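# Secondary and tertiary structure notes
One-letter residues, chain by chain:
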Amino acid sequence: MDFKHVSVLLNETIEGLNIKPDGIYVDGTLGGGGHAYEVLKRLSPKGRLIGIDQDGEALRAADQRLKEFGEQVTLARDNYCEIDRVLESLGIEKVDGILLDIGVSSYQLDNLERGFSYKSDAPLDMRMDTRQSLTAADVVNSYSENELFTIIKDYGEERFARNIAKKIVQSREDKPLETTQELSEIIQSAIPMKAKAKGGHPAKKTFQAIRIEVNRELAVLKESIDKMIERLNPGGRICIITFHSLEDRIVKTKFRENENPCTCPPDFPVCVCGKKSKGRVITRKPIVPSEDEIAVNKRAKSSKLRIFERC
């Protein structure tokens, strides 16, 4: 199937990057290249874009979409947390902007073979990088009941996490769980009828939680923001789009810590820790999609954009 993904908060992100025509920009979650294309349109022939994505199918699609920009584009198959390694391999020390669009793409959700969706039957996979070994099947079949409970509760914010974890463990005693349909049915059997009637698919939160665990999404985001800010030139900006409250909380906290890293007690008259601000938060409140965008792309509904500028 063709790689299709509608870029979320596109205009707001491009405006937020405050693009310099001769600058160097990194799209750490390249996907189909939608955001990257708009960045490249605003660059002079001296400008450059580095696109990073761990999904090989996404890179192939982006390569075709961005081909018209020639040598201005460099693609790397890697996780954005390896930005230091990618930039060092290219002899680049600092960049003028970084973009992250966190989460699963429309293509990954719609490609049944990838096992991200609870709406159809497919192998339990959920890997964004198909080169890695851990799959969703490994998680549901090898994690302890308490580990499953913690993941589903914390990453899915699912109120029936305890019962779901218990049902999964009971079901796999007969045979390993292999498909998304099997897992979806088990989840639905663990949720009371009244709760299922309140809207939204009963398996949505648990599938989200398992996907986050398989791909280490929250850990990767948390460990990447500081190093990305360090890679920005003065005046350079990092724009991060999230779709989950836990992701947004990490971005908000990390941006604030880089704006005001002082660890001195509040009652100290002067700062003695010596930690200096790395820049300023541009978005005191996150930028959210307009009603018009949500009407066109329902998957944009939960998206939030936050922006930080390096000093």
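One structure accompanies this document, and this report is about it. (Residues numbered from 1 in each chain as written. Predicted model: local features only at pLDDT ≥ 70, side-chain atom pairs only at ≥ 80, totals over all residues. Heavy atoms only, no water.)

## Notes on helix H8 (residues 161-172)
To keep it simple, the criterion reads: Going along the chain from the N terminus, every DSSP run of H or I of four or more residues is numbered as a helix, and every run of E of two or more is numbered as a strand. To estimate the expected span of a helix, subtract one from its residue number and multiply by 1.5 Å. Burial classification: accessible surface area is computed with a 1.4 Å probe over protein chains only, and a residue below 20% of its type maximum counts as buried, one above 50% as exposed, and the rest as partly exposed. The directions considered for the arc are those from the helix axis to the C-beta atoms. Two residues form a contact once any of their heavy atoms are found within 4.5 Å.
For H8, which comprises 12 residues, the first-to-last C-alpha distance of 17 Å matches the rise-based estimate of 16 Å (1.5 Å per residue) to within 8%. Taken residue by residue, H8 has Ala161, Ile164, Ala165, Ile168, Val169 and Arg172 as its buried positions. Down the axis of H8, the buried set is contained in an arc of 130 degrees. They therefore lie on one face. Packed against the buried residues of H8 are helix H6 (136-142), helix H7 (145-156), helix H9 (180-190) and helix H11 (204-215).

## Re the packing of H7 against H8
Heads up, the condition is: Every angle, taken between N-to-C directions, lies between 0 and 180 degrees, and every axis is a line fitted to C-alpha atoms, over only the stretch in contact when it is a helix. Throughout this description, any angle smaller than 35 degrees is read as roughly parallel, any larger than 145 degrees as roughly antiparallel, any in the 65 to 115 degree range as roughly perpendicular, and the remainder as oblique. Crossing handedness is defined as follows: a turn of the near helix away from the far one that is anticlockwise and smaller than a right angle gives a left-handed crossing, while the clockwise case is right-handed. Gly is placed with the polar residues, together with every amino acid not listed as nonpolar (Ala, Val, Leu, Ile, Met, Phe, Trp, Tyr, Cys and Pro) or charged (Asp, Glu, Lys and Arg).
Here H7 crosses H8 at 140 degrees, and the two axes come no closer than 8 Å. Classified by the angle between their axes, H7 and H8 sit oblique to one another. Seen from above, H7 lies across H8 with right-handed handedness. Contacts between H7 and H8 involve Glu145, Asn146, Leu148, Phe149, Ile152 and Lys153 from the first element and Ala161, Arg162, Ile164, Ala165, Lys166, Ile168, Val169 and Arg172 from the second. Taken together, the residues of the contact of H7 with H8 sort by class into eight nonpolar, one polar and five charged.

## A look at the packing of aromatic side chains
Our working definition: Only Phe, Tyr and Trp rings take part, Trp by its six-membered ring, and two of them pair if their centres are within 6.5 Å. Stacked means planes under 30 degrees apart, edge-to-face means over 60, and tilted covers everything else. Each ring is checked for a lysine NZ or an arginine CZ that lies within 6 Å of its centre and within 35 degrees of its normal; such an atom marks a charge sitting over the ring.
Taken as a whole and judged by the stated rule, the model has three aromatic pairs. Arranged with centres 5.3 Å apart and planes meeting at 75 degrees, the rings of tyrosine 37 and phenylalanine 69 form a pair that is edge-to-face. Of the two residues, tyrosine 37 is situated in helix H2 (residues 34-41) and phenylalanine 69 in the loop between helix H3 (56-65) and strand S3 (73-77); the sequence distance between them amounts to 32 residues. Residue class for phenylalanine 69 comes out buried when judged on its relative accessible area of 12%. Considering the side-chain rings of phenylalanine 255 and phenylalanine 308, the 5.5 Å spacing of their centres and the 40 degrees angle between planes classify their relative orientation as tilted. Here the residue phenylalanine 255 occupies a position in helix H13 (residues 245-259), and phenylalanine 308 occupies one in strand S7 (residues 304-310), the gap between them amounting to 53 residues. On the basis of relative accessible area, phenylalanine 255 is assigned to the buried category, the value being 1%. On the basis of relative accessibility, which here comes to 0%, the residue phenylalanine 308 falls in the buried class. The positively charged end of arginine 65 is found above the aromatic ring belonging to tyrosine 37, 5.8 Å away from the centroid.

Geometric values such as these leave the question of function open.
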